[in-house]
Amino acid sequence: MFALTFADVEQAAAQLHGVAHVTPVMTSRTLDALTGRALFLKCEQFQRGGAFKFRGAYNAISRLSEHERQCGVIAFSSGNHAQGVALAAQLAGVPAVICMPDDAPPVKLAATRDYGAEVVIYQRATTDREAFARTLAAQRGLTLIPPYDHPHIMAGQGTAAHELLTQIPELDALIMPVGGGGLISGCTIAAKAHNPTLRIFGVETEGADDVRRSLACGERVTIDPPTTIADGIRTTAPGFLTFPIIRQYVEQILVVPDAAVLETMRFLLLRMKLAVEPTGAVGLAAVMMGLLPPACQRIGVIISGGNVDPALLACLG
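Counting starts from 1 at the beginning of each chain's written sequence and moves along it residue by residue. At least 70 in pLDDT is required for a residue's local features to be given in this predicted model, at least 80 for side-chain atom pairs to be given and counted, and no such filter applies to totals for whole chains, interfaces and linings, which use all residues. Side-chain descriptors were evaluated using all non-hydrogen atoms of the structure, hydrogens and water having been removed beforehand.

1. So, the packing of aromatic side chains
Logical step 1: Only the six-membered ring of Trp is used, alongside the rings of Phe and Tyr, when aromatic pairs are assigned; centres must lie within 6.5 Å, and planes under 30 degrees apart are stacked while those over 60 apart are edge-to-face, with the rest tilted. Applying the stated criterion across every chain, the model contains 3 aromatic pairs.
Logical step 2: Seen in terms of ring centroids, Tyr122 and Phe132 are 5.9 Å apart; in terms of plane orientation they differ by 45°. Their pairing is tilted. Within this pair, whereas Tyr122 is found in strand β5 (residues 118-122), its partner Phe132 is found in helix α7 (residues 129-140), the two being separated by 10 residues in sequence.
Logical step 3: Working definition: with a 1.4 Å probe on protein chains only, accessible area under 20% of the residue-type maximum means buried, over 50% means exposed, and in between means partly exposed. Here Phe132 falls in the partly exposed class, since its relative accessible area comes to 28%. A helix here means a DSSP run of H or I that spans at least four residues, while a strand means a run of E at least two residues long, and both kinds are numbered starting from the N terminus.

Written as structure tokens, this is what we have:
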């Protein structure tokens, strides 16, 4: 028994209707020619808050009791979940506290504060971020909105694939970044409901491959805090609730180097005029490296976000 069903994803879609953006699907003849496949990019960088994370955050916050709303929420995140929770809380009139690491991208830190959240900084290298947030939550009476390991979060993220497969029904594969697993678990449940034969692939960067290692061992593995340009997938272990879904349905976790991610970001910016953050580019990087099986010809690629540091963006030109 998994933590969510397709009915949960459908309920999340109803909660998000009229609030979240229906993000566009972009195509490129140049990209198709380069890869020898038909690619459909689900552009979640155009979602509110600049990433898919708004979907799960709003779905979770919209279900709080009146008492929980009055007391407020807390989250821990390097960026996109922080922004998603801050924005969702602002829309719901709920106070929000966000615990962010000392190396969080400045653009994400600034945006989180701009949405009205209180930001509390912790040291990534020495602090257990979840323990830190839970302690603060207990002290202040706040409700924790976790970044991925929660049914409402997972269901909300799954609406991205639900939406994509409504827009482009005939796909034979779906690929996306994987950190803690909220996106890929929710999207997998949605995708398999649309088409049980759809092949699902996740992508991590070198050194940040906790999910790949976990699948190889058959159980959740914890790694040291990874160093990667893709800050959105700097997780140390897959989620307790997300991992069983990944283990059951995800065909393979692919691994790409940071250099390939940068090249993909450059292509997206210069050829498709899309500003995409590193984590958002990892799925397409794997396709451009030829890592998918040849039989996968019509591929949905979830571009997870576009909150890229301006300094990094300037280097791509």
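2. Side note on the pattern of salt bridges
Logical step 1: Salt bridge criterion: a side-chain nitrogen from Lys or Arg within 4 Å of a carboxyl oxygen from Asp or Glu. Enumeration over the complete set of coordinates arrives at 12 salt bridges.
Logical step 2: Here Asp103 ties to Arg234 by a salt bridge, and the two come within 3.6 Å at their closest N and O atoms. You can see Asp103 sitting in the loop between β4 (96-101) and α6 (106-114) and its partner Arg234 sitting in the loop between α10 (210-217) and α11 (242-249), a full 131 residues away along the chain.
Logical step 3: Note on Asp103: relative accessible area 37%, which makes it partly exposed.
Logical step 4: Asp231 is the partner of Lys108 in a salt bridge, and the nearest nitrogen-oxygen pair spans 2.9 Å.

3. Here's the deal with the nonpolar core
Logical step 1: Leu41, Ile175, Leu268, Leu284, Val287, Ile299 and Val301 are the most contacted members of the largest nonpolar core, which has 33 residues in total.
Logical step 2: Counting residues per element, the ones that place at least two in this core are β2 (38-43), β7 (173-177), β8 (199-205), β9 (252-256), α12 (258-272), α13 (278-288) and β10 (298-303).
Logical step 3: Ignoring any residue separated from it by four or fewer positions in sequence, one finds Leu268 in contact with Leu41, Lys273, Leu274, Val276, Ala281 and Leu284.
Logical step 4: Only buried residues count toward a nonpolar core, which is a set of Ala, Val, Leu, Ile, Met, Phe, Trp, Tyr and Cys residues joined through side-chain atoms within 4.5 Å. Within the second largest apolar cluster, 31 residues are counted, among which are Ala38, Leu183, Ala191 and Ile246. Contacts were defined at the residue level, with two residues in contact if any of their heavy atoms lie within 4.5 Å.

4. A word on the packing of α10 against α11
Between two packed helices, what matters for the description is the angle formed by their axes and the separation of those axes.
Logical step 1: Whenever a helix is involved, its axis is fitted only over the stretch in contact; in every case the axis is a line through C-alpha atoms, and angles between N-to-C directions fall within 0 to 180 degrees. Remark: α10 packs on α11, axes separated minimally by 11 Å, with the N-to-C direction vectors making an angle of 65°. For the element pair α10 / α11, the angle class is roughly perpendicular. With respect to the hand of their crossing, α10 and α11 are arranged in right-handed fashion. Taking contact as the criterion, the partners of Val211, Ser214 and Leu215 in α10 are, on α11, Phe243, Ile246 and Arg247. Angles below 35 degrees are treated as roughly parallel, those above 145 as roughly antiparallel, those between 65 and 115 as roughly perpendicular, and all remaining angles as oblique. Take the far helix as your reference; a near helix turned counterclockwise from it by less than a right angle gives a left-handed crossing, and one turned clockwise gives a right-handed crossing.

5. As for the pairing of strand β3 (residues 73-76)
Logical step 1: Burial of the side chains of β3 extends over both faces: Val73 and Ala75 are buried on one face and Ile74 and Phe76 on the other.
Logical step 2: Of the strand pairs in this sheet, β3 and β4 are connected by 4 bridges, and their pairing is parallel. Its bridge partner being in β4, Ala75 is matched across the sheet by Ile98.
Logical step 3: Running through helix α5 (residues 80-92), the crossover from β3 to the neighbouring parallel element β4 is right-handed.
Logical step 4: Two strands form a pair only when DSSP identifies at least two bridges running between them. Summarising the sheet, β3 and strand β6 (residues 143-144) pair through 2 bridges and their orientation is parallel. Counterpart to Ile74 in the pairing with β6 is Leu144. Clockwise travel from the first strand over the helix to the second, with the strands pointing away from the viewer, marks a crossover as right-handed.

6. Quick notes on unusual backbone geometry
Trans is the prevailing form of peptide bonds, just as negative phi is the prevailing case for residues other than glycine.
Logical step 1: In this structure, Lys273 is a non-glycine residue whose phi angle is positive, near 60°.
Logical step 2: Secondary-structure assignment places Lys273 in the loop between α12 and α13.
Logical step 3: Here Lys273 falls in the exposed class, since its relative accessible area comes to 63%.

7. Quick look at the environment of Cys315
Logical step 1: Along the chain, the position of Cys315 falls in helix α14 (residues 310-316).
Logical step 2: Along the sequence, Cys315 and Leu31 sit 284 residues apart, while their C-alpha atoms lie 22 Å from each other.

8. Focus: the sheet that holds β9
Strand pairing in a sheet takes place through backbone hydrogen bonds and is either antiparallel or parallel in direction.
Logical step 1: Reading across from one edge, β1-β2-β10-β7-β8-β9 is the order of the 6 strands in this open sheet, with mixed pairing throughout. The two strands at the open ends of the sheet, each matched to only one other strand, are β1 (25-26) and β9.
Logical step 2: Across the face of the sheet, helix α8 (residues 151-167) comes into contact with β1, β2, β7 and β10 while running at roughly 135° to β2.

9. Regarding the packing of helix α1 (residues 6-16) against helix α3 (residues 53-61)
Logical step 1: Running from N to C, α1 and α3 cross one another at 90°; their axes reach a closest spacing of 9 Å. Taken together, the axes of α1 and α3 lie roughly perpendicular to each other. Along its contact with α1, which presents Ala12, Gln15 and Leu16, the element α3 presents Arg55, Tyr58 and Asn59.
Logical step 2: Amino acid classes used here: Ala, Val, Leu, Ile, Met, Phe, Trp, Tyr, Cys and Pro are nonpolar; Asp, Glu, Lys and Arg are charged; the rest, including Gly, are polar. By residue class, the composition of the contact of α1 with α3 is 3 nonpolar, 2 polar and 1 charged.

10. Details of the side chain of Thr112
Logical step 1: Residue placement: Thr112 occurs in helix α6.
Logical step 2: Of the residues examined, Thr112 reaches a relative accessible area of 0% and is grouped as buried.

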